[in-house]
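# An overview of the molecular structure
Spelled out from the first residue to the last, the chains are:
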Amino acid sequence: MNNQTEIPGFTLRLRPFRDETLFSWCSRYHRMSANGRDAATCMQLFGDRRIGTAHDLPARLDALVTRSGGAIGDAVSIINQRTLLPFYLPFRSPRLAALAHEAMRGPSIGSLKYQLGLLTSGLGAAHPLKSCPRCIAVDQERNGWAYWHRDHQLPGTWICTRHQVHLRVSPCKLDQRARFAWVLPSSTAESISTGASLNAKDRGAMRWLAKLASMGAELVQLEHGKLDDPVRLGLALRRRLVDLSLASPCGRIRWRDIEPSLDLLSKRQLTLPEMQHFADKELLKGQLLRTLSGRSVTHPLRWLLWCSVWFNDLQALKASYDQSAPSEEVQPDPTPTSTTKNGPNTWQATILAEACAGEISMSRAAHQAGVSYSTFTAWASAQGTEATHRPKKLTPEIRETIVNHLQQGHEKSQLAAGLELSIETITRVLRTTPGLQKQWHQIRFDVRRAAARAKWLGLRQGEEGHSTKIARRIAPATFAWLYRNDREWLEILGQVCNSARRGNHAEQKQKNAQQRRSRAIDRLLDRREGSSCLQTHGT
């Protein structure tokens, strides 16, 4: 062949094994072809010297299918059966799944790991190569090859479910070591320590790791987007906690009953190298609250953890998820908006609507929603409903004084100091009085805008009349605030100031001419004085 990177008239007859990754198949081809250089194999298969050697999310799969003659299948089947991408897609939208497929079939995956949430999950984006020593022996005896099993490479999988032994980690592909090399597992190859507390005598931990690995294998078989709604996931988990008597019938968490499970889970996390730094009961408590509130999950492994504790398998979670589809009767009204930073989710919005309609009391509604009374009344205030006040130190007279001062735009800290109250009390009044928060913010905005405009006008149209460039150097914060909040006025003022400077500059020219004449006269006088001094010395 003139071009060693092409394979014309030749059909690859190397078939993939069961559960073999694409990287493993390419590594076996590299051994059989005896290319020597890893780059040569990569050029033959992918048409590039390096892109394609990734063992988790490779790119240029369309080029691979064309060059290999479809020996390993089409691009879609390769992605679904030979890569780690299906592990992340059930919790992602079908649109992101389509973008991910397009990226892996194209020339580069680009920012795919960031789009999947791996870089922001706190668990890292690395996927170490893992192998089972017993699988290596069985594969070599049965097939003549030891190869990388995809189920072993999944996040959270640290035990072989077939042989119930711990997986070994290869140093290749870690810390840039053999980053672009084609490698296969070997019984004699070195392995690195994972730093995990894996004790084979701990039967409970072994069963838990095996369950986690089994659920990971189930996850890659689910269709894309089957679990992509975080609100429904939160409802499914809450329903399961109610069934286990870990939450009240209205959905409120019973922390005394659930803390033993969180304590056990924090200890079990020590056996997961990617999650050891999250092995803390308080951290788990906060993560559970965010999960139940319907926030998005950045990494599927976090959901597998909850599922491993309170569900029998992944199918049980999916069944509960399917039953948690919100009906039309409980859909929240899309028109109102909440001024709080974290508003109610779908389930809490339903309770809020009942409370605003007077069907249940605010305190009972807050109890059912699983939030504090002050938070719930703030949500109600955003809907235009004022809750019944329960004064302690805050008498009606003091409350009216606070409202009057806030309506005038007074600073909360100064108001709290003047009335000898805490800032939290002032904030509570601000949030729970309908319309007051919006009015207060608008007044303070108007005051801030007037001050910024006055300062900028003084710089641009004052006695010195600075240009925009010089004025920005003098007051950068003022310009930045006006640019973000009052840009239209800023642009109009700039046009007015610029037009005022247009013309033939006659006044400035006259001033410059006078200065030149003055300098010329001064030079003539200096010359006369100098010549007079020379004549005096000569005589």
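Residues numbered from 1 in each chain as written. Predicted model: local features only at pLDDT ≥ 70, side-chain atom pairs only at ≥ 80, totals over all residues. Heavy atoms only, no water.

## Digging into the packing of helix α21 (residues 436-461) against helix α23 (residues 476-485)
Where α21 contacts α23, the two axes come as close as 10 Å, and the packing angle between them is 125°. Our classification of the angle between α21 and α23 gives oblique. Viewed along their axes, α21 and α23 form a crossing whose handedness is left-handed. Taken together, the residues of α23 that come into contact with α21 (itself represented by Phe445, Arg448, Arg449, Ala452, Arg453, Lys455 and Trp456) are Thr478, Phe479, Trp481, Leu482 and Asn485. For the contact of α21 with α23, the residue count by class is six nonpolar, two polar and four charged. (Axes fitted to C-alpha atoms, helices over the stretch in contact; angles between N-to-C directions. Helix = DSSP H or I, 4+ residues; strand = E, 2+ residues; numbered from the N terminus. Parallel < 35°, antiparallel > 145°, perpendicular 65-115°, else oblique. Left-handed = near helix turned anticlockwise from the far one by under 90°. Contact = heavy atoms within 4.5 Å. Nonpolar A, V, L, I, M, F, W, Y, C, P; charged D, E, K, R; others polar.)

## Observations concerning the packing of helix α9 (residues 203-219) against helix α13 (residues 300-310)
Orientation of α9 relative to α13, taken along the N-to-C sense of each, is 125°, at an axis distance of 10 Å. For the element pair α9 / α13, the angle class is oblique. As for how α9 packs across α13, the hand of that crossing is right-handed. Counted together, Trp208, Lys211, Leu212, Met215, Gly216 and Leu219 of α9 and Pro300, Leu301, Leu304, Leu305, Cys307 and Ser308 of α13 form the full contact between these two elements.

## Things to note about the packing of aromatic side chains
Using the criterion set out here, one finds nine aromatic pairs in the structure. Seen from their ring centres, Trp306 and Trp310 are 5.7 Å apart, and the 5° between their planes marks the pair as stacked. Taken together, the residues Trp306 and Trp310, both in helix α13 and four residues apart, mark about one turn of the helix. The exposure classification of Trp306 matches that of Trp310, with both residues buried. (Phe/Tyr/Trp six-rings, centres within 6.5 Å; stacked < 30°, edge-to-face > 60°. Buried < 20%, exposed > 50% of the residue type's maximum accessible area, 1.4 Å probe, protein only.)

## Considering the pattern of salt bridges
Within this structure, the stated rule accounts for eight salt bridges. Linking Lys318 and Asp322 is a salt bridge whose minimum nitrogen-to-oxygen distance equals 3.1 Å. In this pair, Lys318 and Asp322 are both assigned in helix α14 (residues 314-323), four residues apart and thus about one turn of the helix distant. Under the relative-accessibility criterion, Lys318 is labelled buried at 17%. With a relative accessible area of 39%, Asp322 lands in the partly exposed category. Asp446 is the partner of Arg449 in a salt bridge, and the nearest nitrogen-oxygen pair spans 3.2 Å. Linking Arg449 with Asp446, this pair stays in helix α21, spanning three residues, or about one helical turn. (Salt bridge = Lys/Arg side-chain N within 4 Å of Asp/Glu carboxyl O.)

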